[in-house]
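Survey of secondary and tertiary structure
Chain residues, written in single-letter form:
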Amino acid sequence: MSMNLHLRIWRQKNSKAKGQFVSYEAKAISPDMSFLEMLDVVNEDLISQNQEPIAFESDCREGICGACSLVINGIAHGPDSGTTACQLHMRRFKDGDTITVEPWRAKAFSPIKDLVVDRSAFDRIMQAGGFVSVNTGSAPDGNTIPISKVHADLAFDAAACIGCGACVAACKNASAMLFVGAKVSQLMHLPQGQPERQQRVQAMIMKMDEEGFGSCTNTQECEAVCPKEISTRVITELNREFVRAQL
Amino acid sequence: MFLDAKIPSGPLADKWNHYKDASKPINPANKRKYHIIVVGTGLAGASAAASLGELGFRVSTFCFQDSPRRAHSIAAQGGINAAKNYRNDGDSVHRLFYDTIKGGDFRAREANVYRLAQLSVNIIDQCVAQGVPFAREYGGLLDNRSFGGSLVSRTFYARGQTGQQLLLGAYGALNRQIAAGTVKSHPRTEMQDLIMVDGHAKGIIVRNLVTGEMTAHTGDAVVLATGGYGPVFYLSTNAIGCNVTATYRAFKQGALFANPCYTQIHPTCIPQSGDHQSKLTLMSESLRNDGRVWVPKQKSDKRAAHQIPEEERDYYLERKYPSYGNLAPRDIASRAAKQVCDEGRGIGPGGRGVFLDFSDAIKRLGKDVISARYSNLFHMYQKITDEDPFELPMRIYPASHYTMGGLWVDYELMSTIPGLFVLGEANFSDHGANRLGASALMQGLADGYFVLPNTISGYLNQIKPNSIKDTDAKCKQTAIDAADDVHRLMSIQGKRSPDFFHRELGKIMWNDCGMARTEKGLQNALSQIPALREEFWKDVRVTGSDLEMNPVLEKALRVADFLEFAELLCHDALQRRESCGGHFREEYQTQDGEAKRNDEDFCYVAAWEYKGSKQKPELHKEPLQFENIALAQRSYQ
Ligand SMILES: Cc1cc2nc3c(=O)[nH]c(=O)nc-3n(C[C@H](O)[C@H](O)[C@H](O)COP(=O)(O)OP(=O)(O)OC[C@H]3O[C@@H](n4cnc5c(N)ncnc54)[C@H](O)[C@@H]3O)c2cc1C
Ligand code: FES
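Now for a quick tour of the structure.

What counts and what doesn't
Residues numbered from 1 in each chain as written. Chains lettered and ligands numbered in written order. Predicted model: local features only at pLDDT ≥ 70, side-chain atom pairs only at ≥ 80, totals over all residues. Heavy atoms only, no water. Pairing = 2+ DSSP bridges. Helix = DSSP H or I, 4+ residues; strand = E, 2+ residues; numbered from the N terminus. Contact = heavy atoms within 4.5 Å. Axes fitted to C-alpha atoms, helices over the stretch in contact; angles between N-to-C directions. Phe/Tyr/Trp six-rings, centres within 6.5 Å; stacked < 30°, edge-to-face > 60°. Buried < 20%, exposed > 50% of the residue type's maximum accessible area, 1.4 Å probe, protein only. Lys NZ or Arg CZ within 6 Å of the ring centre and 35° of its normal.

With that settled, the discussion passes to the sheet that holds strand 2 (residues 20–29) of chain A. All names here are of chain A. Strands sit in the order 2-1-5-3-4 across an open sheet of five strands; the sheet is mixed. The sheet is open, and its two borders are formed by strand 2 and strand 4 (75–76), each paired with just one other strand. Where strand 1 (residues 3–11) and strand 5 (residues 98–102) come together, four bridges link them in parallel fashion. Within strand 5, the residue paired with Ile9 across the bridge is Val101. Contacts from helix 1 (residues 35–48) reach strand 1, strand 2, strand 3 (71–72) and strand 5 within the one sheet, and its direction differs from that of strand 2 by about 100°.

Going through the model one piece at a time under the given rule, you end up with 36 aromatic pairs over all chains. Centre to centre, the rings of Phe109 of chain A and Phe213 of chain A are 5.7 Å apart; their planes meet at 80°, and the pair counts as edge-to-face. With Phe109 of chain A in the loop between strand 5 and strand 6 (111–113) and Phe213 of chain A in the loop between helix 6 (197–210) and helix 7 (221–225), the pair connects residues that are 104 residues apart, well separated along the chain. Pair check on accessibility: Phe109 of chain A and Phe213 of chain A agree, each one buried. Aromatic pair Tyr86 of chain B and Phe156 of chain B: ring centres 5.9 Å apart, planes at 75°, arrangement edge-to-face. With Tyr86 of chain B in the loop between strand 3 (80–81) and helix 4 (93–103) and Phe156 of chain B in strand 4 (residues 155–156), this residue pair connects regions lying 70 residues apart in the sequence. Note on Tyr86 of chain B: relative accessible area 25%, which makes it partly exposed. With a relative accessible area of 1%, Phe156 of chain B lands in the buried category. An aromatic cluster of three or more residues is present, and its members are Tyr229, Tyr248, Phe251, Phe257, Phe565 and Tyr610 of chain B. The ring of Trp16 of chain B carries Arg115 of chain B above its face, with NZ or CZ at 4.8 Å from the centroid. Across from the ring centre of Tyr157 of chain B, 3.8 Å away, lies the NZ or CZ of Arg145 of chain B, which sits over that ring.

Residue and element names in this part refer to chain B. Strand order in the open sheet formed by three strands is 6-7-8, and the pairing between neighbours is antiparallel. Two strands in the sheet have a free side with no partner beyond their single neighbour: strand 6 (189–197) and strand 8 (214–218). Recorded for the sheet is a direction-independent mean angle of 30° between the axes of neighbouring strands. Direction of pairing for strand 7 (residues 200–208) relative to strand 8: antiparallel, over a ladder of five bridges. Across the sheet, Ile204 pairs through a bridge with His217, a residue of strand 8.

This is the structure we're talking about:
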């Protein structure tokens, strides 16, 4: 049942070095392994040959922390829709396949090493306004703010974003509109988000532009790769909110 | 050593208010003078840092991930408890307090747990105000569900992503303070040591995970919110970066480590599928609301689940614990699963699994209802196993999940090192020998939002701010010592990867110090661990250089600490000659195989003191007093 695979993996010593693809063989891979476990096997092998293993990010390995960030065969997070790389399993591949693995590539995400890039621009966008300003201790009882299930669900669908950056990696303009839209949408559907509604959208969009993310030209690639299947509805909402804020 | 828990006087229900009334706040203009170091930005660390920033303190946060939003807390699925009694089903602060003390098998401090239950209601309010999208009913009000170890419905949730939504709420509050300039965030840094000056915690040494540089960061107090040590078993439901380094290094600097042997093995995880496995995935306990746990009555029954007729199935939790049934607490459910598998009635590969079956619930409620409740969990299960839980029952097996033990703290959450505070899973407080579901999120946020901001002034009032600089000799020396550890590891140039040693350690711990422990097994572990550690220091191979991003080095540093810490855990398990909660000693069980506590001799917190690398740690005891709840044998029957 086990497979042998040919890998072409992007190696880059650091942000200044020039990167290149390097070929590796992954041997005796079980279909039950996750994609990252397959890379673990390759890395163990590299260590045993006294070579430096491939650097990539992961933590939760269950599709929720947003750390893993691999472009697999040209697709952010690989071929399964609604799935992070850590939840992609090797049964999706066949014995003898060649698999290409690259980092997120975008101007705003500078390379760090191999498959690891710097996504701190996302944090800075959130710092610009992706929150409700409420100090600890001052909140009223939770049930004094009823929220219709419809709005709660819409807010939740947007709040599911894990901040992985696949949307940016997939977009030919490296736009972060899905990411920013998700936060703006979550908070605009909730009463708690109303007081800061206008300044939030303006500040976040300004920061997004400043960080070097591109503009959206509606190719919808972001939605196609989003592991949480966040809909481009949030981009429509973001645009609407932005216009509304200018009025 | 006398361990003063500093429990305020007065009736249980008034202690926290009395404490706050008696405390002396710091003048707002002076708060700015204090710099507080917060290590960890999970629920506990992020909520603490944000709240301290709001109060006007200067705060620096540290985490090893690339962003505070990725802390392990993000993975919590099921929910968070609060004694709101929105359901009118008889819940109250007292009931939550009682359930938590009983769930912890009477090994937690009453005063701490009562405060936790009181604060639980404020947490929900705070999170709702931040825009956390909790599940709602059609009328627009907050929804609840039930969790193990409780007969009332008090668990608030956000689909199967409660931890994510709560963490993003705290991350938002933190971001607001970063933007306001009160908090400075240092992601991709790993704490390597604690800086001690005249017996007080005054800062930390961190390794920059991108450049490899070791730097000192000093402050007037240090807060550790660095999570649990579940991966001491190698495989666990924790994120793979979870580690014991920060708390263990603090232990070596003099902080006592309490109850390390209280580890929680969660009953509902996806069974291991092979040796390649890097982690085990939890299937939230909330599934036990609708799923029924069973195994075949017959041994080595190889038939598919649907071929086994009803009368040949053993719904063993419902049989043994008729009143709690499938919602029996975790330690009990885990041991019961182990027991049926030991009897040869386990299912799936290697006979290490039991069924969690939704077919009755699907018949009763329809596929849509079940799907609305658990779709993301079902989806995750199918991704991993390639089996559809709507068609086949899930296969589950226990796995290391949570660690109740941690650094000893008093009522103010201060460790035995003055100026060192410990929050969240990293401390030992509140859960005793077993944690109930949906109580970790509650504790982390109670510690961070409400407890620490009210207790830290007590310490700060006694010291002079800014007494040390990052460039002082003491800081330099601690940084040099930490760098020496790194160089020592790099220079071994052995043959085996750090992961190899971690896996070996995991095997020892799971076999000899896992769900069932014996004197003999623990002695065995205590002889094997030092041998493995010695081999590690002779034969580990760390590739690359230390002055760059180096995941192998990061792993080696963590494994080195696990290899020492594991021994402490086993010493603790050995001295506790009783069974309680997650700590089950086979020698001490009732006739029906339940944990048999020994309140006469073991009703204490075991707090260990580091005595040097070749010495056995020294045990100190904090006796536990139960004034409001009568000590009783836990029964869920
Ligand atoms: C799969 C899963 C599901 C769970 N579900 C629930 C649930 O439904 N309900 C519930 O109540 N509980 C649940 N829990 C438990 C709960 O999630 C955790 O106990 C809790 O989130 C821990 O929070 P924390 O803030 O203490 O630590 P963590 O969230 O673990 O954060 C630790 C922080 O410390 C940092 N850190 C660690 N070491 C270092 C170091 N050396 N240097 C610098 N930084 C460091 C990390 O970067 C991170 O920021 C679950 C746990 C798991 C594993
Ligand atoms: S490792 Fe957390 S989402 Fe993949």
